[in-house]
Amino acid sequence: MTAQIINGKAFAGTVREKVAGHVARLKEEHGITPGLAVVLVGEDPASQVYVRSKGKQTVEVGMKSVEHKLDADTSEEDLLAVVDQLNNDPDIHGILVQLPLPGHLNEDLVINSIDPAKDVDGFHISNVGLLGTGQKSMVPCTPLGCLMMLRDHHGSLSGLDAVVVGRSNIVGKPMAQLLLGDSCTVTIAHSRTKDLPDVVRRADIVVAAVGRPEMVPGDWIKEGATVIDVGINRIERDGKNKLVGDVDFASASERAGAITPVPGGVGPMTIACLLANTVTACCRANGLAEPEGLTA
Ligand code: NDP
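Values in this document were obtained by computation on a predicted structure and should not be read as measured data. (Residues numbered from 1 in each chain as written. Predicted model: local features only at pLDDT ≥ 70, side-chain atom pairs only at ≥ 80, totals over all residues. Heavy atoms only, no water.)

A. Structural context of the packing of helix 2 (residues 45-60) against helix 10 (residues 266-285). In the contact formed by helix 2 and helix 10, the axes pass within 10 Å of each other and the chain directions differ by 50°. Compared by their axis directions, helix 2 and helix 10 come out oblique. Along this stretch, helix 2 crosses helix 10, giving a crossing that reads as right-handed. Note on element contacts: helix 10 touches helix 2 through I271, L274 and L275, opposite S53, K54, Q57 and T58. (Axes fitted to C-alpha atoms, helices over the stretch in contact; angles between N-to-C directions. Helix = DSSP H or I, 4+ residues; strand = E, 2+ residues; numbered from the N terminus. Parallel < 35°, antiparallel > 145°, perpendicular 65-115°, else oblique. Left-handed = near helix turned anticlockwise from the far one by under 90°. Contact = heavy atoms within 4.5 Å.)

B. A look at the site of the ligand. In the neighbourhood of the ligand, 22 residues make up the surrounding shell, with R167, S168, S191, R212 and T270 lying closest. R212 is positioned with one of its side-chain polar atoms (N or O) 2.8 Å from a nitrogen atom of the ligand. Measuring from an oxygen atom of the ligand, one finds a side-chain N or O atom of T270 at 2.7 Å. Within the complex, 70% of the 930 Å² of free accessible area of the ligand lies under protein. (Near = heavy atom within 4 Å. Polar contact = N/O pair within 3.5 Å; in protein donor to acceptor, adjacent residues only side chain to side chain. Areas by Shrake-Rupley, 256 points an atom, 1.4 Å probe, with all protein chains shown as cover.)

C. Molecular detail of unusual backbone geometry. The omega torsion across L99 and P100 is 0°, close enough to zero to call that bond cis. Its location among the elements puts P100 in the loop between strand 4 (94-97) and helix 4 (107-111). Geometrically, the link from V262 to P263 is a cis peptide bond, its omega value of 0° lying close to zero. Checked against the element boundaries, P263 lands in the loop between strand 11 (258-259) and helix 10. Not every positive phi belongs to a glycine, and S183 is a case in point at roughly 65°. Turning to its location among the elements, S183 is positioned in the loop between helix 7 (172-181) and strand 6 (185-189).

What is shown is where atoms sit, not what they do.
Pasting the structure below:
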């Protein structure tokens, strides 16, 4: 079998178009412009690239983009004051504090100081609890993007066996909750899982979020399974820098029914879902109907 490629880049374009349509309607019918604020502490080069990209795409869909760039040695008190100011700003509907934060800052404390209704990353403990109990929440962007692609490919996910490899708070755990919410039978695998190949071979849906280049080979994949590769790993091959996923794409695509490539799969969906979460947060804040197809 040669797998169908799930084109995350194209899908993300469709999500952004939907978001732009909702933004235009919010402006026209209600005079409201959704606003997203991104807070960056320090000068981590990868974080700077992400923040630039987020700001650019926010403006492209017609939303207001605000960036707060703070020095690496900013005190916790000063950072919390910025978050507090954004919490109280009625023009800001989404707040994202770019992680990782410099070591002297307590990430949990900072994330949990964001108003949960504006927590468009979905990392606030209240949103984690709401998602875990099947209630309306802000959903972490990367798993939300994966869910959207899976729903689009399968229609209903009900009754499918899903294996999520990785149990991080930002990808693995929320991904498993979302799949459970869509009535999959879910297994979460991690570094202590016994006989990982056997566990993965049982899955109709495999979500790999490990951070190890090409760790999942094709012969772990059940014939016809859907493979969502969250991994982004920079490696050097044949003297060139290359981005690869956690799945060995070449061998897995011979057995899977459908697979996301790296790059061009899950990656572009993450920012698109951030924009989707911001427009959802804006609608909720204003008591308006939420955009369809952009939430979990
Ligand atoms: P973490 O490092 O936080 O978590 C990795 C998980 O993988 C852990 O639960 C760990 O298990 C598990 N793991 C590690 N080694 C093995 C192994 N040999 N066998 C089975 N499980 C293993 O990573 P993240 O969840 O933050 O990210 C995962 C990947 O996704 C990374 O490549 C990251 O770059 C990428 N990513 C991509 C995004 C996107 O936009 N596309 C967004 C976020 C992340 P244990 O808990 O036991 O240690």
